[in-house]
Amino acid sequence: MVAITFIAADGTDQPIDAEEGLSLMESAVGNGIEVIEAQCGGNAYCGTCRVYIDPAWRAVTGDVTEVEVAMIEVSGDMTPGVRLSCQITVTPSLEGLIVRTPMSQS
Ligand code: FES
């Protein structure tokens, strides 16, 4: 298990134990992070699994991938560190990761 902390828009910490090999989205949904709607089930075409990667972790998680670019543009969310959590795979290197979640995904 990989310890990851989600921080809600109101500042509330939501620590989870994420299963290695799942996506960050699947881990969030499976652990009750309700703001991660993930309407498309992880196919990078709904934009409702957006998270904001803490600055200290962006080198580890990497930049927005080609698959994510269009959906993030459509969402209009220009928040620094924005990613689609369905496109991030949980690995041991993410131990201690901090991600923030939007107020809503709409
Ligand atoms: Fe739909 Fe990630 S779950 S874009």
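Numbering of residues begins from 1 in every chain and follows the order in which that chain's sequence is written. Selection of residues for local features in this predicted model requires a pLDDT of at least 70, selection of side-chain atom pairs for listing and counting requires 80 or more, and totals for whole chains, interfaces and linings are taken over all residues. Each side-chain value is derived from all of the structure's non-hydrogen atoms; neither hydrogens nor water enter the calculation.

- The chain is annotated in an unreviewed UniProt entry as (2Fe-2S) ferredoxin of Novosphingobium endophyticum.
- Here is the UniProt Sequence similarities (unreviewed entry) comment for the chain, exactly as written: "Belongs to the adrenodoxin/putidaredoxin family." UniProt positions are given in the numbering used here, feature names are shortened, and annotations may be inferred rather than shown by experiment.

**Re the pairing of strand E2 (residues 13–18)**
- With 6 bridges joining them, strand E1 (residues 2–7) and E2 adopt antiparallel strand pairing. Paired with Ala-3 across the strands is Asp-17, a residue of E2. Two strands form a pair only when DSSP identifies at least two bridges running between them. Helix and strand labels come from DSSP, where a helix needs a run of H or I of at least four residues and a strand needs a run of E of at least two; each type is numbered from the N terminus.

**Structural notes on the nonpolar core**
- The term nonpolar core refers to a set of buried residues drawn from Ala, Val, Leu, Ile, Met, Phe, Trp, Tyr and Cys, joined through side-chain atoms within 4.5 Å. Per-residue accessibility, obtained with a 1.4 Å probe over protein chains only, is compared with the maximum for each type, and a residue is labelled buried under 20%, exposed over 50%, and partly exposed between these values. If you look at the biggest cluster of nonpolar residues, it comprises 28 residues, and the most contacted ones within it are Ile-4, Phe-6, Leu-24, Ile-36 and Leu-97.
- Those elements that provide at least two residues to this core are E1, E2, helix H1 (24–30), strand E3 (50–53), helix H3 (66–75), strand E4 (82–84) and strand E5 (97–100).
- Ignoring sequence-local partners within four residues, the contact set of Ile-36 consists of Met-25, Ala-28, Val-29, Thr-48, Cys-49, Arg-50, Val-51, Ser-85, Thr-101 and Gln-105. Should any heavy atoms of two residues lie within 4.5 Å, those residues are considered in contact.

**Topic: the pattern of salt bridges**
- The salt bridge criterion pairs a side-chain nitrogen of Lys or Arg with a carboxyl oxygen of Asp or Glu, the two atoms within 4 Å. Applying the stated criterion across every chain yields a total of 3 salt bridges.
- Close ionic contact of Asp-54 with Arg-100 constitutes a salt bridge, the shortest N to O distance being 3.8 Å. Here the residue Asp-54 occupies a position in the loop between E3 and helix H2 (58–61), and Arg-100 occupies one in strand E5, the gap between them amounting to 46 residues.
- On the basis of relative accessibility, which here comes to 15%, the residue Asp-54 falls in the buried class.
- With a relative accessible area of 38%, Arg-100 lands in the partly exposed category.

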